[in-house]
Amino acid sequence: MRNICVIGTGYVGLVTGACLAELGHTVICVDNDASKIALLKKNKIPIYEPGLEEIVRNNAKNKRLSFTSRIKEGVKKSDVIFIAVGTPPRDDGSADLSYVETVAREIAENMNGYKLIVDKSTVPVETGEWVEMTIRRNIKKNVEFDVASNPEFLREGSAVFDTFNPDRIVIGVKTKRAESLLKEIYLPIKAPVLVTDIKSAEIIKHASNSFLAMKISYINAVANLCEKTGADVAKVAEGMGMDKRIGKSFLNAGIGFGGFCFPKDLEAFYWISRKQGVDFRLLKEVKEINEHQRLLLVKKIEDAVWNLKGKTIGVLGLAFKPDTDDMRFAPSIEIITMLQGLGATIKAYDPAAMGKAKKVLKNIRYQKNAYDAAKGADCLVILTEWNEFKELDLSKIKRALRHPIIIDGRNLFEPAKMRKSGFDYKCMGRS
Ligand code: NAD
């Protein structure tokens, strides 16, 4: 078992650190956000992620998992260092790699022996070369090191499960030493390991996320055709998904993708391709279709209530997807801002994301539950497909609403059944 340091204790770093400790390694998680570290030291989890709290608590208790804001301590005590800091988008769509650079420099300054530095953050191709160069330029002692790429594919909401049950583990390396160390770390996990060069590993991550985003935009464009012609996108997606070459996942029509990964990774992949002289226009279309879905939903709401000015809209779901509290690039932000811009008052409820939503969405009347969000509203809008919304008592919702109008951006219900129950119900690509 190895001594491991994970730098960046966010959605990826904390899950990775806790799961590696659960596998038996000794892990130090580092973050420069002192308040986050203070919480974690008290066994409090700063994010909502099913199953995470228990493994953090257990491994902290048995001393395999610890937290610090001092990178020096993490680097000196570890053989393998994972970089899991954020790579947010810059205004032009390219990835902001300044956090990765800072961390690479700080690692270099504190290296006291051989280290394997593994990039887990999602980064554009050739970042590994820059990390290696940064370390060479800033290294203080004459020690050996390797750089590797190990992109992360976990999904928020099922991050712990995904970490223990990945479809594949991708390892981009330059040396056999790095390859065998990473293979050893992941040995207890039963998953195929794909060993590549560093650049290919970096592209695998960007290409995979952009492909999934493309699937979502594709089905959304198909949904719009279904809606115009009276076809049913749920049936179309089912029929498409039965073809093994296509597969049924990521064929849910709706208001499009959001979150910290797809929008920024798609942009960054487009940007790096252009920088390399490759015009990957398809990615631009994927983004445009996605943005159009938000407008389409707002138009549906407007069509249902006539004028938005002075109307009250109840919103169910704020997180970018269910089972997370993550609000980064959530479609709800754009949609609610548009509705407010058109004069609507918003009442909203989300099972987990309201704390984070309050920081980005102002002038909203946050509610304790879905029924309160519906109470007195001119229309109810569904923006996140939380399971608890699928199980709502619809007659109670109907009684709570001023008018029985539901605009469902996530296709939670059967349109015919909803109409039979007396709702004016509109969803995406189904009529
Ligand atoms: P995050 O913002 O939740 O976490 C990043 C953490 O890094 C923060 O806690 C921040 O304080 C810390 N940090 C920044 N600079 C630091 C420094 N100099 N020293 C120490 N800590 C520092 O981000 P995330 O969602 O965990 O994403 C991290 C990376 O993983 C990104 O590149 C992202 O694209 C990628 N990724 C994310 C997901 C996901 O579902 N969130 C999935 C796969 C890959």
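Some words on the site of the ligand
Thought 1: Among the 26 residues in the neighbourhood of the ligand, the closest are listed as Asp31, Lys36, Thr87, Glu156 and Lys264.
Thought 2: Backbone polar atom of Val12 to an oxygen atom of the ligand: 2.8 Å apart, as the coordinates give it.
Thought 3: Take Thr87: an N or O atom from its side chain is 2.6 Å from an oxygen atom of the ligand.
Thought 4: Starting from 830 Å² of accessible surface for the ligand in isolation, the protein chains cover 91%.
Thought 5: Of the residues in the shell around the ligand, the class split is ten nonpolar, eight polar and eight charged.

Focus: the packing of aromatic side chains
Thought 1: A full pass over the atoms with the stated rule returns six aromatic pairs.
Thought 2: Between the aromatic rings of Phe257 and Phe262, the centroid separation amounts to 6.0 Å while the plane-to-plane angle is 75 degrees, which identifies the pairing as edge-to-face.
Thought 3: Taking relative accessible area as the criterion, Phe257 reaches 5% and is therefore assigned buried.
Thought 4: An aromatic cluster is present here, built from Phe250, Phe257 and Phe262 joined pairwise through their rings.
Thought 5: Here Lys264 stacks its cationic end above the ring of Phe260, 4.9 Å away from the centre of that ring.

Focus on the layout of surface pockets
Gaps between atoms show up when a probe of the same size as a water molecule is rolled over them.
Thought 1: There is about 400 Å³ of room inside the second largest pocket.
Thought 2: Ala95, Leu97, Pro124, Thr127 and Trp130 are the residues nearest the centre of the second largest pocket, which is lined by 18 residues in total.
Thought 3: At the level of secondary structure, the elements contributing two or more residues to the lining of the second largest pocket comprise helix H5 (98-110), helix H6 (127-138) and helix H11 (262-275).
Thought 4: Three or more residues apiece are contributed to the lining of the second largest pocket by two domains, here domain 1 (3-196) and domain 2 (210-426).

So, helix H12 (residues 281-305)
Given 3.6 residues per turn, any residue in an α-helix points the same way as the ones three and four places further on.
Thought 1: For H12, which comprises 25 residues, the first-to-last C-alpha distance of 37 Å matches the rise-based estimate of 36 Å (1.5 Å per residue) to within 8%.
Thought 2: Listed as buried for H12 are Leu283, Val286, Asn290, Gln293, Arg294, Leu296, Leu297, Val298, Lys300, Ile301 and Val305.
Thought 3: Here the buried face of H12 lies against helix H9 (198-229), H11, strand E9 (312-316), helix H13 (331-341), strand E12 (379-382) and strand E13 (405-408).
Thought 4: Backbone geometry just downstream of H12 places Trp306 in the positive-phi region, at approximately 75 degrees.

Observations concerning empty space enclosed by the protein
Thought 1: The final tally for this structure, using the stated rule, is one cavity of 30 Å³ or more.
Thought 2: Roughly 30 Å³ of volume is contained in the largest cavity.
Thought 3: If you trace the largest cavity, you find it lined by Asp119, Ser121, Thr122, Val123, Ser149, Pro151, Ala201, Glu202 and Lys205.
Thought 4: With three residues, the top contributor of residues to the lining of the largest cavity is H9.
Thought 5: When its residues are assigned to classes, the lining of the largest cavity shows three nonpolar, three polar and three charged.

Quick notes on H5
Thought 1: For H5, with 13 residues, the first-to-last C-alpha span of 19 Å sits near the 18 Å given by 1.5 Å per residue.
Thought 2: Turning to H5, its buried residues are Val100, Val103, Ala104, Ile107, Ala108 and Asn110.

What to know about the packing of H5 against H6
Thought 1: Axis separation between H5 and H6 bottoms out at 8 Å; the angle between their running directions is 40 degrees. One finds that H5 runs oblique with respect to H6. Taken as a pair, H5 and H6 cross one another with a handedness that is right-handed. Residues Val100, Glu101, Ala104, Arg105, Ala108 and Glu109 of H5 lie in contact with H6, whose contacting residues are Thr127, Val131, Thr134, Ile135 and Asn138.
Thought 2: A class-by-class count of the residues in the contact of H5 with H6 yields five nonpolar, three polar and three charged.

So, the domain arrangement of the protein
Thought 1: Annotation of the protein at the domain level lists domain 1 (3-196) and domain 2 (210-426).
Thought 2: Computed over C-alpha atoms, the centres of domain 1 and domain 2 are 33 Å apart.
Thought 3: Tallying the contact residues gives 19 residues for domain 1 and 19 residues for domain 2.
Thought 4: Taken together, the two surfaces of domain 1 and domain 2 that pack against each other cover about 1500 Å², and 57% of this comes from carbon and sulfur.
Thought 5: Of all residues in domain 1, Tyr11, Tyr48 and Glu156 bury the most surface against domain 2, accounting for 35% of the area lost on that side.
Thought 6: At the junction of domain 1 with domain 2, the criterion picks out one salt bridge.
Thought 7: In this structure, Arg328 engages Glu156 in a salt bridge whose closest nitrogen and oxygen atoms are separated by 3.7 Å.
Thought 8: If you look at where domain 1 meets domain 2, you find nine residue pairs in polar contact (both at pLDDT 80 or more).
Thought 9: Its residues assigned to classes, the side of domain 1 that touches domain 2 comprises ten nonpolar, five polar and four charged.

What counts, and at which threshold
Residues numbered from 1 in each chain as written. Predicted model: local features only at pLDDT ≥ 70, side-chain atom pairs only at ≥ 80, totals over all residues. Heavy atoms only, no water. Near = heavy atom within 4 Å. Polar contact = N/O pair within 3.5 Å; in protein donor to acceptor, adjacent residues only side chain to side chain. Areas by Shrake-Rupley, 256 points an atom, 1.4 Å probe, with all protein chains shown as cover. Nonpolar A, V, L, I, M, F, W, Y, C, P; charged D, E, K, R; others polar. Phe/Tyr/Trp six-rings, centres within 6.5 Å; stacked < 30°, edge-to-face > 60°. Buried < 20%, exposed > 50% of the residue type's maximum accessible area, 1.4 Å probe, protein only. Lys NZ or Arg CZ within 6 Å of the ring centre and 35° of its normal. 1 Å grid on protein atoms, 1.4 Å probe; cavity = no way out; pocket = protein on both sides within 12 Å on 5 of 7 lines; lining within 4 Å. Points joined across faces, edges and corners; volume = space filled by probe spheres on them. Helix = DSSP H or I, 4+ residues; strand = E, 2+ residues; numbered from the N terminus. Domains from an automatic or database assignment. Expected span 1.5 Å × (residues − 1). Contact = heavy atoms within 4.5 Å. Axes fitted to C-alpha atoms, helices over the stretch in contact; angles between N-to-C directions. Parallel < 35°, antiparallel > 145°, perpendicular 65-115°, else oblique. Left-handed = near helix turned anticlockwise from the far one by under 90°. Buried area = accessible area lost by both parts, 1.4 Å probe. Salt bridge = Lys/Arg side-chain N within 4 Å of Asp/Glu carboxyl O.

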